[in-house]
Amino acid sequence: MEYFSSVYELKCNECGKRFGNRPLSGCPDCFAPLEIAYDLEQVRGKFTRESVAAGPHNIWRYAALLPIPEGFQPDLPVGFTPLLRARNLGKRVGATNLYIKNDAVCFPTLSFKDRVVSVALANAQKFGFETVGCSSTGNLANSVAAQAARLGIKACILIPADLEPAKILNTLVYNARLVRIDGNYDHVNRLCTLVADEYSYGFVNVNLRPYYAEGSKTVGYEIAEQLGWKLPDNIVCPMAGGSLIRKIRKAFNELITLGLVEDKPVRFFGAQATGCSPISQSVKQGWDYIEPQKPNTIARSLAIGNPADGPAASKMIQGTGGWAEDVSDVEIVSGIQELAETEGIFTETAGGVTTAVTARLIQQGRIGKDEVTVAVITGNGLKTTDALAGRFTHLDSRAVRPRLSDFAAYLEELDGATNQKPELEPAGAY
Amino acid sequence: MSFKVILPTAFVRHTDGQKQLVSTAANLPGLVSEIDTTFPALATQIKDENGKIRRFINIYVNDEDIRFLGGDTYAFQDGDEVMLIPSIAGGC
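Keep in mind that this is a model prediction, so the values were computed, not measured.

### Quick notes on the overall build of chain B
Part 1 of the reasoning: Summing up its helical and strand segments, chain B has two helices and five strands in all.
Part 2 of the reasoning: Shown N-terminal to C-terminal, the secondary structure of chain B runs as helices and strands in the order β-β-α-α-β-β-β.
Part 3 of the reasoning: For chain B, the C-alpha radius of gyration of 13 Å lies close to 12 Å, the compact-globule estimate for 92 residues.
Part 4 of the reasoning: Seen through its C-alpha atoms, chain B measures out along the principal axes to roughly 40 × 30 × 25 Å.
Part 5 of the reasoning: For chain B, buried positions account for 50% of its 92 residues.
Part 6 of the reasoning: In chain B, of all internal contacts separated by at least 6 residues, the share reaching a separation of at least 24 is 49%.

### Section: the UniProt feature "domain: Tryptophan synthase beta chain-like PALP" (unreviewed entry) in chain A
Part 1 of the reasoning: The UniProt entry lists residues 77-379 of chain A under the feature "domain: Tryptophan synthase beta chain-like PALP" (unreviewed entry), expressed in the numbering used here.
Part 2 of the reasoning: End C-alpha to end C-alpha, residues 77-379 of chain A measures 17 Å, and it is 45% helix and 17% strand.

### Quick look at the side chain of A:Glu35
Residue and element names in this part refer to chain A.
Part 1 of the reasoning: Tracing the sequence through the fold places Glu35 in strand β2 (residues 34-38).
Part 2 of the reasoning: Taking the relative accessible area as the measure of exposure, Glu35 reaches 11% and is therefore buried.
Part 3 of the reasoning: Of the polar contacts made by the side chain of Glu35, one reaches the side chain of Arg246; its length is 2.8 Å.
Part 4 of the reasoning: For Glu35, the side chain forms a polar contact with the side chain of Lys247, separated by 3.1 Å.
Part 5 of the reasoning: When sequence neighbours within four positions are dropped, the list of residues in contact with Glu35 reads Glu9, Leu10, Lys11, Asn13, Pro210, Arg246, Lys247 and Lys250.

### Some thoughts on the nonpolar core
Residue and element names in this part refer to chain A.
Part 1 of the reasoning: Counting residues in hydrophobic clusters, the biggest one holds 135 residues, and the most contacted among them are Ile157 and Ile235.
Part 2 of the reasoning: Residue contacts for Ile157: discarding those within four places in its chain leaves Cys134, Ala141, Val144, Ala145, Thr171, Ala176, Arg177, Leu178 and Val179.
Part 3 of the reasoning: Ile181, Val188, Ala196 and Tyr201 belong to the second-largest nonpolar core, a separate cluster that totals 10 residues.

### Structural notes on the interface of chain A and chain B
Part 1 of the reasoning: Taken together, the 41 residues of chain A in the interface contact 28 residues of chain B.
Part 2 of the reasoning: Roughly 2,600 Å² is buried in total at the junction of chain A and chain B, and carbon and sulfur atoms are behind 55% of that figure.
Part 3 of the reasoning: Where chain A meets chain B, there are five salt bridges.
Part 4 of the reasoning: The residue A:Arg190 makes a salt bridge to B:Asp63 at a minimum N-O spacing of 2.6 Å.
Part 5 of the reasoning: Taken together, chain A and chain B are joined by nine residue pairs in polar contact (both at pLDDT 80 or more).
Part 6 of the reasoning: Elements supplying a minimum of two residues to the side of chain A that touches chain B: α4 (139-151), α6 (185-198) and α7 (209-214) of chain A.
Part 7 of the reasoning: Broken down by element, the residue count for the side of chain A that touches chain B peaks at eight residues, all from α6(A).

### Some details on the sheet that holds strand β2 (residues 20-23) of chain B
All names here are of chain B.
Part 1 of the reasoning: Strand order in this open sheet of five strands is β2-β1-β5-β3-β4, and the pairing throughout is mixed. A single partner strand is all that each edge strand has here, and the edge strands are β2 and β4 (64-65).
Part 2 of the reasoning: For strand β3 (residues 57-61) and strand β5 (residues 81-86), the ladder comprises five bridges, and the chain directions are antiparallel. Opposite Ile59, over in β5, you have Leu84 as the bridge partner.

### Remarks on the packing of helix α8 (residues 217-226) of chain A against helix α9 (residues 244-257) of chain A
All names here are of chain A.
Part 1 of the reasoning: Direction vectors running N to C along α8 and α9 enclose 50 degrees, while the axes themselves pass 7 Å from each other. With respect to α9, the element α8 is oriented oblique. Read as a crossing pair, α8 and α9 show a hand that is right-handed. Along its contact with α8, which presents Lys217, Val219, Gly220, Tyr221, Ile223 and Ala224, the element α9 presents Leu244, Lys247, Ile248, Lys250, Ala251, Phe252, Glu254 and Leu255.

### What about the pattern of salt bridges?
All names here are of chain A.
Part 1 of the reasoning: The full count for this structure, using the stated rule, is 37 salt bridges over all chains.
Part 2 of the reasoning: Close ionic contact of Glu225 with Arg61 constitutes a salt bridge, the shortest N to O distance being 2.6 Å. A residue pair is termed long-range when its members are at least 10 positions apart, and Glu225 in helix α8 and Arg61 in the loop between α1 (49-53) and β3 (83-85) qualify at 164 residues. Both residues of the pair, Glu225 and Arg61, count as buried.
Part 3 of the reasoning: The residue Lys369 makes a salt bridge to Asp370 at a minimum N-O spacing of 3.5 Å.
Part 4 of the reasoning: Take Lys369: its relative accessible area is 49%, and that puts it in the partly exposed class.
Part 5 of the reasoning: Overlapping salt bridges bring together Glu35, Glu214, Lys217, Arg246, Lys247, Lys250 and Glu254 as one network.

### Things to note about the pairing of strand β6 (residues 154-160) of chain A
Residue and element names in this part refer to chain A.
Part 1 of the reasoning: In terms of residue burial, β6 counts as a mostly covered element, since six of its seven residues are buried.
Part 2 of the reasoning: Relative to β6, strand β5 (residues 131-135) runs parallel, the two sharing five bridges. Each bridged residue has a counterpart across the sheet, and for Val132 the counterpart in β6 is Ala155.
Part 3 of the reasoning: For the segment spanning β5, α4 and β6, crossover handedness is right-handed.
Part 4 of the reasoning: Looking at chain direction, β6 and strand β7 (residues 177-181) are connected through five bridges and run parallel. Within β7, the residue paired with Ile159 across the bridge is Arg180.
Part 5 of the reasoning: Handedness of the β6-helix α5 (residues 165-172)-β7 crossover: right-handed.

### Focus: the pairing of β5(A)
All names here are of chain A.
Part 1 of the reasoning: In terms of burial, β5 is a largely internal element, five of the five residues being buried.
Part 2 of the reasoning: The alternating pattern of β5 places Thr131, Gly133 and Ser135 on one face and Val132 and Cys134 on the opposite face, and all of these are buried.
Part 3 of the reasoning: Summarising the sheet, β5 and strand β8 (residues 201-203) pair through three bridges and their orientation is parallel. Looking across to β8, one finds that Thr131 is bridged to Tyr201.

Reading the values: the criteria
- Residues numbered from 1 in each chain as written.
- Chains lettered and ligands numbered in written order.
- Predicted model: local features only at pLDDT ≥ 70, side-chain atom pairs only at ≥ 80, totals over all residues.
- Heavy atoms only, no water.
- Helix = DSSP H or I, 4+ residues; strand = E, 2+ residues; numbered from the N terminus.
- Rg over C-alpha atoms; globule rule 2.2 N^0.38 Å.
- Buried < 20%, exposed > 50% of the residue type's maximum accessible area, 1.4 Å probe, protein only.
- Contact = heavy atoms within 4.5 Å.
- UniProt positions renumbered as here; feature names shortened; annotations may be inferred.
- Polar contact = N/O pair within 3.5 Å; in protein donor to acceptor, adjacent residues only side chain to side chain.
- Core = buried A, V, L, I, M, F, W, Y, C linked by side-chain atoms within 4.5 Å.
- Buried area = accessible area lost by both parts, 1.4 Å probe.
- Salt bridge = Lys/Arg side-chain N within 4 Å of Asp/Glu carboxyl O.
- Pairing = 2+ DSSP bridges.
- Axes fitted to C-alpha atoms, helices over the stretch in contact; angles between N-to-C directions.
- Parallel < 35°, antiparallel > 145°, perpendicular 65-115°, else oblique.
- Left-handed = near helix turned anticlockwise from the far one by under 90°.
- Right-handed = clockwise from strand over helix to strand, strands pointing away.

Structure (structure tokens):
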């Protein structure tokens, strides 16, 4: 269960010890989370704008900077999602250079988790795991189940019992073994560390986590490439474990080191739900640690009350001159609706968090209106339709007789109702 | 009064393979001093330079994070089950 790579290996960021490549997520000496360290000189001259352009239209165009074992043949065309100029949303929130990185349409399971799972499973196969799994609030479960099915590996997935039905169904359909745990995500996660100790399972976000987390870098590579090999001024990113936001920065730094983009300061802004905001609180208080919280929010895909990468994410955000904000459940729903109405993108609750926080940061003046700002949308609204329950009275409206006059009368009725409808509360206005 | 302490595999190289200990300590600082005496190598591993439990180790009492129960001031109860677990960042 080990392999050698001359380009990358596990390293403890706290004590600096290196561990080769094996299924291990924490430093056996100081218990800090391990990360993958690269020898970038080995890929200098090989990883260029031209080599990337010649690659496939998916994350594997960046394979030289991913921890992919030699000989691995990528199969699924994961990633390379659209980066959209958000003119309408920008107009509404007062920004002229706003972009949406739209992972609501990531392949194959409609969330950015497809990126991390594909890198984790490449390593799971190399390490010889016959069963893979994860602790999940849904998106990760969907992706592990789907990609394990494709690779012919067994999957065992642990989730909090109260998960949205759509996310449960979207896991079961791939014939994964699903275990509902009576507790919140932090309870599930803790159980997974114990299970990983006892069973020979490759948990993508436990013992395979360093490999998994590197998949997040592809969001950063894509943003830079899609902006014409330029870095934005600001990134607004949702935070659960606190990994994605740091990996986007790692990606930017690698591109700077290798000369693919010009060096420039990028400020990182973190987005959380107020009902689970340990990292946001840490940033606001200027702490280098986090105080754990008991999550209580509709943004369940962000509901990690005790994120181990939280201190590092907080430190990084503060170091770039960024900030973190958190928004209420009401604002999250407004954010979902605002993104849908303005840009035609239906995101899940986490995307509502990001949209509402982006609006607030612009309103606060923390993000300048003409600065190039990318808001990272990580999941699809079809998985969390419960969040919008009761929002649309049309769902229960009467059926209209198939006659032109009835249709016209009905439109008049609707227009009357619409005119009386109060304006949608702008996201981030609280 | 006594309670059980459950250790992860990463710790057992310092406890002669024992995955469970029985303790009578009054609270968390008491438990740390007890480990100092019984398994000094383990104590070195789980403490930082200030003698506090390292920040990447979480302590649970009957499924609850000890920080929600008062941390160092929590008084262990008879029959408690205490777990020491390296923190995991997860990812939903």
